[in-house]
2 protein chains.
Amino acid sequence: MRESDPNSRAKAGVMIQDPRSELTVDERRRYLEHALELADVCRAAIKEALASGIEVRLKSDGSLVTNADMRAERAFREAARSRLPDAGVLGEEFGEEKAAGALQWIVDPIDGTAEFAKSMPLYSTIIALRYKGMPVVGVIDQPALDLRCHAAFGLGAYQDGRRLHIEQTTKGTERIAVPSRVSFLRHGDDGRVFDEITRVTPDFRVFHTAYAHVCALIGAVDAAVEWRVRIWDLAATQLLIEEAGGVYRSIEEPEEQGGLPVYSAVFGKRRLVERLAEILSPPMSAQAAM
Amino acid sequence: MRESDPNSRAKAGVMIQDPRSELTVDERRRYLEHALELADVCRAAIKEALASGIEVRLKSDGSLVTNADMRAERAFREAARSRLPDAGVLGEEFGEEKAAGALQWIVDPIDGTAEFAKSMPLYSTIIALRYKGMPVVGVIDQPALDLRCHAAFGLGAYQDGRRLHIEQTTKGTERIAVPSRVSFLRHGDDGRVFDEITRVTPDFRVFHTAYAHVCALIGAVDAAVEWRVRIWDLAATQLLIEEAGGVYRSIEEPEEQGGLPVYSAVFGKRRLVERLAEILSPPMSAQAAM
């Protein structure tokens, strides 16, 4: 698995400058302000949809979508365009609008639609802004919990007003967040990866929303695992984790039926992340070699 | 596993009257009012403790306790005494005060202390009132989510103002809530029960708090499982589930090191509960026979 170095990438022995250092601190602060305003826009759209009644339907890929997802992503796109007209947008519900410049928004208006559709509170809005493909701003907003985590490149990670620092030591038993067995079965594993992970770390939680990522940020779990998800599910997480002093490892694989690639990731405290990455890597390598 | 019939118990062919039918509707309503006031009392105590700072320590059984747990249970006992002076109290933190009459409160001031200690919102206060050993009132209160479920015998189950009805059919894949592998390992199983459950229903969530019970009540999961927990963890759940039209099955086992018995339970939609009860029963029977 690749560990991203936020400051530089080595290539053929030459240190390549991280393109994000082309952005001034003021620019990054301004982008963060935009992202927080866009999170407010999504919250308002979700609230309006809740007030007018939620309709749930099944998408062609078997996942759920509601009128609130659509409404929030539409509102996001409109508000994003008025702020940064040249930025592209890639969203879960309406696909990709190409960028005229180097900036691209990534948005999942409601991550955890299954929770949301049942009036349960663990769903999130995920917002990220990338510059030349690298994350500059990341927000995970949880409207029903009134809890928001945000980060900007080089400026730290915060939960609301509080700066986040991931401690590297663990008190007591290690605890992780992991998807349930069905996520592994659906996406190219026979359950071996799930079994191995949960035997190494038998004290785990299963949320199936970015609430798991927030738990890793706040230290409620020591690490979290995702298995073959889309870019919008993880768009804000790498920057949040790294700006909080944690370690993020991921692998990108081509989608089997064409379309967008899928990502698996493990993130949190360094030593646990290294151990879990070893479990996740072999089947992914085998899969990639097929 | 035993299925409790809320209205009568058959014994040697004779129908025995449920003792709760000795209570008038007005009495049950009054007890429910008391329980809801006591939930407010616990909320206020938890809020005060949060404002003054949370201190966490390890109990002799390896579980966590905070000053908020203690403060909430003390406040509960004082307020309970002023309302029903003859009722006994059994609480997680301060044990049992014997009853002078037929009523007994059961309270877990903070269920999910591990979540609470990390400032995460899924913890609950669990309150039940029993009459001659049978549950008359049950409340699961989630202060951080501002979500409260309550039920009184014969008067229905509610989430805040909304009456709860557990639907018996499942749309799509069945989904359950289950404890993580560590809960089975700690309490007399080698992981076989966990593996079997999660192979039968691979789409599951793991919360480790009574949030799982609320999910079963609201239909966010189709059934929930608990494995060898204390009476206060399940005190409100049977009545809530049955008053919402669901099925509750449990088994009581003597504690191995003496002390209070432990309970395993499965509850939610009938057909899934029956299937899961079959998985849970054999090892429990074997254990009981040892």
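The following refers to the structure shown.

Analysis parameters
Residues numbered from 1 in each chain as written. Chains lettered and ligands numbered in written order. Predicted model: local features only at pLDDT ≥ 70, side-chain atom pairs only at ≥ 80, totals over all residues. Heavy atoms only, no water. Least-squares fit on C-alpha atoms with pLDDT ≥ 70 in both. Contact = heavy atoms within 4.5 Å. Salt bridge = Lys/Arg side-chain N within 4 Å of Asp/Glu carboxyl O. Polar contact = N/O pair within 3.5 Å; in protein donor to acceptor, adjacent residues only side chain to side chain. Helix = DSSP H or I, 4+ residues; strand = E, 2+ residues; numbered from the N terminus. Nonpolar A, V, L, I, M, F, W, Y, C, P; charged D, E, K, R; others polar. Pairing = 2+ DSSP bridges. Axes fitted to C-alpha atoms, helices over the stretch in contact; angles between N-to-C directions.

1. Overview of the relation of the copies chain B and chain A
Right, so step 1: Once turned by 180° and shifted 0.0 Å along the axis, chain B lies on chain A with an RMSD of 0.0 Å. In short, the pair behaves as if placed about a two-fold rotation axis. Considering only C-alpha atoms, the part of chain B nearest the rotation axis is B:Val206, at 2.2 Å.
Right, so step 2: Here 100% of the interface residues in chain B have copies in chain A that are interface residues too; the copies meet face to matching face.

2. Focus on the interface of chain B and chain A
Right, so step 1: With 30 residues of chain B at the contact, the number on the chain A side is 30 residues.
Right, so step 2: Between chain B and chain A we count two salt bridges in total.
Right, so step 3: Residue A:Asp195 pairs with B:Arg199 through a salt bridge whose shortest N-O separation is 2.9 Å.
Right, so step 4: For the interface between chain B and chain A, the tally reads 18 residue pairs in polar contact (both at pLDDT 80 or more).
Right, so step 5: Counting only elements with at least two residues in the side of chain B that touches chain A, the list comes to α3 (113–117), α4 (181–186), α5 (192–200), β15 (204–205) and α6 (211–218) of chain B.
Right, so step 6: Residue classes in the side of chain B that touches chain A are distributed as 17 nonpolar, four polar and nine charged.

3. With respect to the sheet that holds strand β9 (residues 124–131) of chain B
Residues and elements named next belong to chain B.
Right, so step 1: Strand order in this open sheet of eight strands is β7-β6-β8-β9-β10-β11-β12-β13, and the pairing throughout is mixed. Sheet topology places β7 (95–97) and β13 (162–163) at the edges, where each strand pairs with a single neighbour.
Right, so step 2: Relative to strand β12 (residues 157–159), strand β11 (residues 147–152) runs antiparallel, the two being bridged by three bridges. Bridge pairing links His150 to Tyr158 in β12.
Right, so step 3: Packing of helix α1 (residues 25–52) onto the sheet brings it into contact with β8 (103–111), β9, β10 (134–142) and β11, and relative to β10 it is tilted by some 30°.

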